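Inside the fold
This is what each chain is made of:
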Amino acid sequence: MTSTGFRRTVVAFGVCSALALAATACGPGDDGPASGKTRITVNCEPPRSAEVDRAFFEEEVAAFEKRNPDIDVVAHDAFPCQDPKTFDAKLAGGRMEDVFYTYFTDARHVVDVRQAADLTPYLSRLKSYGSIQKQLRDIYTVDGKVYGIPRTGYSMGLVYNRALFRKAGLDPDRPPATWDEVRAAARRIAALGSGTVGYADYSAQNQGGWHFTAELYSRGGDVVSADGRKATVDSPEGRAVLRDLHDMRWTDDSMGSRQLLVINDVQQLMGAGRLGMYLAAPDNIPILVKEKGGDYKDLALAPMPGGRGTLIGGDGYMFDKHDTPAQIRAGLKWLDHMFLTPGKGFLGDYARARKHDAPVGLPEPRLFTGTADATDQQAKKANANVPVENYRAFLDGNPRLRMRIEPPHAQQIYSVLDAVVSAVLTKKDADIDRLLEEASGKIDSILARS
C-alpha cells in the first residue's frame, strides 16, 4: 500500500506532448533532436489541479535546464504517479518514460521482466547516492546491480490524540510502547464516552491486510518465509495480533461498534477528536488538519508499539532498458537536482514550502544519512511550522526498529488477510486458529503461482 499524504505528485501514460512531437520522436532511447541536446522524458509531474506543487516542479525543471543547457527534460503528468491498471501494460509495450516512477514494491518485478536499465556503471554520476540510507538503496539492488534510485520513504507509527490522552489521565509525552499499553490506553480513552473510540483499525479494501502486516512486523513476525515460497502468518505473532484486536473489540469495547473501516473513516474520527490512536505514517498528519478538521497541537506520533519492527514504503525512479548512456547520465543528474540534494529541490526546499503554507517539520521522509541528513534536518528545523516536539517519541524510537518492506504480491495477500481481520472485528466467536490456517493455504497458492 502507499501511505496517504506525501506531497502528491503524479505520472502520465507515456504519450508525447504536442511540442515534443514537433521536435522529435517520443520513444525511450531517443537522445533528442538534432540540436545535440540529450532529451529525457520523466514522469510524476504534479497535475495542473495541484497548482502550487506544479509550479514548484516546473520551477525546478527550468532551473535544472538552465544549469545543464545540453539536457532537455520533457515531463509527463497524470494522477496517480503510477496507475497499477496500466503500469505493466506500459512496461510490456515499451511506452514507459526514460526515467519512471515506481513504488518500492515494484522494483524486483521491473527487473524480473527485464525492463530496467542497469545503473551500476553510472553511479559515480549521482553525487548523492552514497548518502542515501542503505536499506532504501538495497530495495533497488538486485543480485548486486543497481536498477533504481530512492526518492522518498516512510515508516508506520502510532498517531495519537494528545488532548484525549490528557482527558483520560494519560501522559501525552509517554505514548504506548507495547501492545499491552495500547490496549490499556484504549480502554481509558473509550471510557470517556460520547462516542469516543480508543483505537481504530482498517478492515476493508485490502487495508486491513496492510495493517495486519504492519502489526505482525511490530511483533517480530513475518507474512511469508525468507525465500518467498510459504506463508508464515499462522504463527504465535499472527495469533497475538488477532487476539488483541478481538479483545479490544469485544472484551474492552474500546474500538467502537462500527467496523469494516478504511483510511478515510479513521481519519475522519481522528480529525473530529473522537479517536485516541491508529496506525499511520507521518504524512497522515497534514491530511488530518487540512481535510479532516484536526489541530496540529493535538496530533502526535510515536513509533510502532511492540519494539521489533515497522513497515516501510516509499518510491523512487527507475530507467527504461532502452535508454542510451547519455540519457542515463542526464537522468541521474536530474534526480540529484530534483530530489537528492539536502535542503533543496522539489521536495527539499523547505523555505519555499513554508512560504506557501505547506507543512514543514514532519519527522519523515528521512532519506539521507550522515552529513547530508544533518544538512537536511537543519534546513527543515529552521523552517518548521508544525509542533515538532509532538513527534519526539517517533524520532527517538523509530531508528531502533527493524525496517520491513511489504511482502511480495502484497495486494493479493492483503485481500486474503482482509477477510481474517474483518472476521475478528465483526464476529465475536471468530475462530482465530482456523482463520490463520485457511489464510496460510490461500497465500501459499498465491506464492506458488508466481
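As shown above, the structure is provided for reference.
**What about the packing of helix H8 (residues 207-218) against helix H9 (residues 236-251)?**
Running from N to C, H8 and H9 cross one another at 115°; their axes reach a closest spacing of 9 Å. You can see that H8 and H9 cross each other, and the crossing is right-handed. Residue-level inspection shows Phe212, Glu215 and Leu216 of H8 in contact with H9, the latter providing Glu237, Gly238, Val241, Leu242 and Leu245. A per-class count over the contact of H8 with H9 returns 5 nonpolar, 1 polar and 2 charged.

**Regarding the pattern of salt bridges**
Taken as a whole, this structure holds 24 salt bridges when the rule is applied. Arg108 is paired through a salt bridge with Asp112; the nearest N and O atoms lie 3.2 Å apart. Of this pair, Arg108 and Asp112 both sit in helix H4 (residues 107-112), separated by 4 residues, roughly a single helical turn. Of the residues examined, Arg108 reaches a relative accessible area of 47% and is grouped as partly exposed. Given a relative accessible area of 48%, Asp112 falls into the partly exposed group. With a closest N to O distance of 2.8 Å, Asp138 and Lys134 form a salt bridge. Note on Lys134: relative accessible area 52%, which makes it exposed.

**Thoughts on the pairing of strand S2 (residues 71-77)**
Here strand S1 (residues 38-45) runs beside S2; their pairing, made up of 6 bridges, is parallel. Across the sheet, Glu45 pairs through a bridge with Asp77, a residue of S2. Between the parallel pair S1 and S2, the chain is carried across by helix H2 (residues 51-67), and the sense of this crossover is right-handed.

**Overview of the sheet that holds strand S10 (residues 299-303)**
Sheet architecture is open: 4 strands sit in the order S8-S9-S7-S10, paired in mixed fashion. Two strands close off the open sheet at either side, each with one partner strand: strand S8 (197-199) and S10. Strand-to-strand twist across the sheet, computed as the mean angle between neighbouring axes with direction ignored, equals 25°. In the sheet, S8 pairs with strand S9 (residues 275-280) via 2 bridges, with the strands oriented parallel. Considered in S9, the bridge of Tyr199 is made with Met277. Of the strands in this sheet, strand S7 (157-161), S8 and S9 touch helix H7 (residues 179-190), which is tilted by about 175° from S8.

Reading the values: the criteria
- Residues numbered from 1 in each chain as written.
- Predicted model: local features only at pLDDT ≥ 70, side-chain atom pairs only at ≥ 80, totals over all residues.
- Heavy atoms only, no water.
- Axes fitted to C-alpha atoms, helices over the stretch in contact; angles between N-to-C directions.
- Helix = DSSP H or I, 4+ residues; strand = E, 2+ residues; numbered from the N terminus.
- Left-handed = near helix turned anticlockwise from the far one by under 90°.
- Contact = heavy atoms within 4.5 Å.
- Nonpolar A, V, L, I, M, F, W, Y, C, P; charged D, E, K, R; others polar.
- Salt bridge = Lys/Arg side-chain N within 4 Å of Asp/Glu carboxyl O.
- Buried < 20%, exposed > 50% of the residue type's maximum accessible area, 1.4 Å probe, protein only.
- Pairing = 2+ DSSP bridges.
- Right-handed = clockwise from strand over helix to strand, strands pointing away.

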